Structures are given as C-alpha cells and as structure tokens.
Amino acid sequence: MLKRLFPQKTTNPFSPAFDKFIQSMKIGYEEWHDGIGYDLQALNQLNQEELEQIETILISRNNQDWRDVDTLAEILSEKAIESLKSALNSGNYEVRIRATQKLAQKGIIDEKEIETVLVETIPFVSIFNGQTFALRLAEEYPTPAVKRILLWATLYGNDDIRVHAAALIYYLYNIAASSFDLDYRSFYLRFGDVDFSNRKLAYDELCNKIQVDPSWAIGASV
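Because the structure is a prediction, the values reported are computed rather than measured. (Residues numbered from 1 in each chain as written. Predicted model: local features only at pLDDT ≥ 70, side-chain atom pairs only at ≥ 80, totals over all residues. Heavy atoms only, no water.)

This paragraph deals with a nonpolar patch on the surface. Nonpolar side chains collect at one region of the surface, where Tyr29, Trp32, Ile127 and Phe128 lie side by side and expose about 540 Å² of accessible area between them. Within the fold, Phe128 resides in the loop between helix H9 (111-121) and helix H10 (131-140). Looking at Phe128, the relative accessible area reads 62%, which means it is exposed. (Patch = residues over 30% accessible without salt bridge, like charges linked within 9 Å, V, L, I, M, F, W, Y side chains within 5 Å. Areas by Shrake-Rupley, 256 points an atom, 1.4 Å probe, with all protein chains shown as cover. Salt bridge = Lys/Arg side-chain N within 4 Å of Asp/Glu carboxyl O. Helix = DSSP H or I, 4+ residues; strand = E, 2+ residues; numbered from the N terminus. Buried < 20%, exposed > 50% of the residue type's maximum accessible area, 1.4 Å probe, protein only.)

Among all positions in helix H2 (residues 16-24), only Ala17, Phe18, Phe21 and Ser24 are buried. Relative to the axis of H2, the buried residues are bounded by an arc of 125 degrees and lie together on one face. Packed against the buried residues of H2 are helix H4 (40-43), helix H5 (48-60) and helix H6 (66-75). (Arc of directions from axis to C-beta. Contact = heavy atoms within 4.5 Å.)

Right, let's talk about the packing of H5 against H6 for a bit. It is the contact of H5 with H6, at a shortest axis distance of 10 Å, that shows an interaxial angle of 140 degrees. In terms of orientation, H5 lies oblique with respect to H6. When the axes of H5 and H6 are compared, the crossing they make is left-handed. On H6, the residues touching Leu51, Glu55, Leu58 and Ile59 of H5 are Asp68, Thr71, Leu72 and Ile75. Among the residues making up the contact of H5 with H6, the classes are represented as five nonpolar, one polar and two charged. (Axes fitted to C-alpha atoms, helices over the stretch in contact; angles between N-to-C directions. Parallel < 35°, antiparallel > 145°, perpendicular 65-115°, else oblique. Left-handed = near helix turned anticlockwise from the far one by under 90°. Nonpolar A, V, L, I, M, F, W, Y, C, P; charged D, E, K, R; others polar.)

Within H6, nine of the 10 residues are buried, leaving the element largely enclosed by the surrounding structure. Listed as buried for H6 are Trp66, Arg67, Asp68, Val69, Asp70, Thr71, Leu72, Ala73 and Ile75. Here H6 starts with a cap whose side-chain oxygen sits 2.7 Å from the backbone nitrogen of Arg67, and that cap is Asp65. Following H6 by one or two positions, Leu76 adopts a phi angle in the positive range, close to 55 degrees. (Polar contact = N/O pair within 3.5 Å; in protein donor to acceptor, adjacent residues only side chain to side chain.)

Functional significance is not addressed by these values, which are geometric in nature.
Right under this line is the structure:
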C-alpha cells in the first residue's frame with residue numbers, strides 16, 4: 001500500500017549526454033531536409049560503456065542512414081570499422097558513398113577503392129540518394145576513370161545528375177571557377193533536356209571545349 005502511495009524514484013543509469021545523443025537520432029523533416037546529423041558533440045562526452053551501447057545500436061541498424069556512418073567513423077573501433085567496410089557494398093548509395101568518404105579520410109581505403117565506388121555509383125545516384133556526396137567525392141578524387149564516368153553521366157545519366165555532372169566536368173578541366181559556376185549555367189542546363197539529340201549536341205560541344213574525344217566516355221561500361 002505504501003509503495004503505491006509513495007512510488008520509489010527510478011534513477012536514469014545514463015548520462016544527460018547519452019540521452020541527448022539518443023534524442024538526436026530522431027530525424028524529422030527538418031533534420032532530413034537540412035542534412036542535420038546526430039549530435040557528435042554529445043557522443044564525445046559519453047563514457048566507454050555508453051559509447052559501446054551506442055555502437056551496438058548503430059551496428060544493429062546496418063547502416064540505414066549516412067548519419068549512422070558518420071557516428072561509426074567518429075567511434076572508429078574495430079567493430080565500427082568493420083561495419084563501415086560492409087557499408088561499401090550497401091544498396092543505399094548515400095550510405096555507400098559516405099562510408100567511402102569517411103574511410104578515405106581515415107586512410108583505411110586507398111584511391112583505387114574510392115574510384116571503384118564512384119564509378120559504380122555515379123550512374124545511379126539521384127538528388128535523394130547520394131548525388132551530393134558522390135559529386136563532392138568525385139571532386140576530391142578526379143581520377144581519369146572518375147572523369148570518364150562523369151562525362152558519360154552528362155549524356156546518359158538520370159535527370160538529377162546530368163546538369164551537375166556537366167558543371168563538375170567544366171570545373172575539373174579548368175574551364176569553370178567552381179563546381180557549379182553560374183557563368184555557365186545556361187550551358188549546363190542544356191544537359192537537362194529530355195531530348196537525347198539536343199543533349200548530344202551539348203555533349204559534343206562539351207567534349208570539344210575540354211579537348212576530349214566524345215567516344216572516350218560513351219564507351220564507358222556501366
């Protein structure tokens with residue numbers, strides 16, 4: 001009877017930082033739209049036991065989100081690295097490319113592995129699934145194979161990437177001053193044309209400008 005009248009208080013075994021991090025994992029529209037990640041500042045305040053619990057939670061999620069990748073890269077334990085490496089084969093291109101970027105930053109994978117991921121993903125990324133990450137990574141690692149697949153994407157890529165691939169090509173070949181130089185915007189937009197013949201004219205003009213044989217990229221295997 002007394003217990004019902006005066007219930008005993010339960011003590012939260014976790015720190016405020018742990019609770020704060022868990023709350024940051026609740027991604028709503030605003031967080032999704034603005035690309036807000038988990039609270040890594042709170043993560044860095046956790047004790048070892050709490051950190052291991054977070055690691056277990058993230059690994060069990062099997063890299064559902066690029067935010068999981070970022071957090072595991074911050075933890076960087078053996079288990080975290082193993083999970084990040086498995087993400088290199090993820091069907092979620094955003095996760096796959098983000099894991100590649102993080103492992104590259106940590107010096108865990110080499111340029112050839114980075115190149116392979118970019119060549120395999122650029123033809124298929126979209127604005128909602130890895131396009132921004134892919135283009136940023138391609139800008140960091142503009143190998144001949146990466147340039148080739150980007151050029152291919154200006155002609156054959158999906159509606160999301162063609163324009164941005166053309167813009168990045170102009171930058172990588174030192175024509176433009178940035179990866180989307182607005183001075184050339186009208187030219188880039190020609191690659192958004194649904195008519196293939198019109199895109200082909202723009203493509204040929206692009207290849208002429210950067211002094212590349214148009215057949216070089218068209219023959220790329222995808």
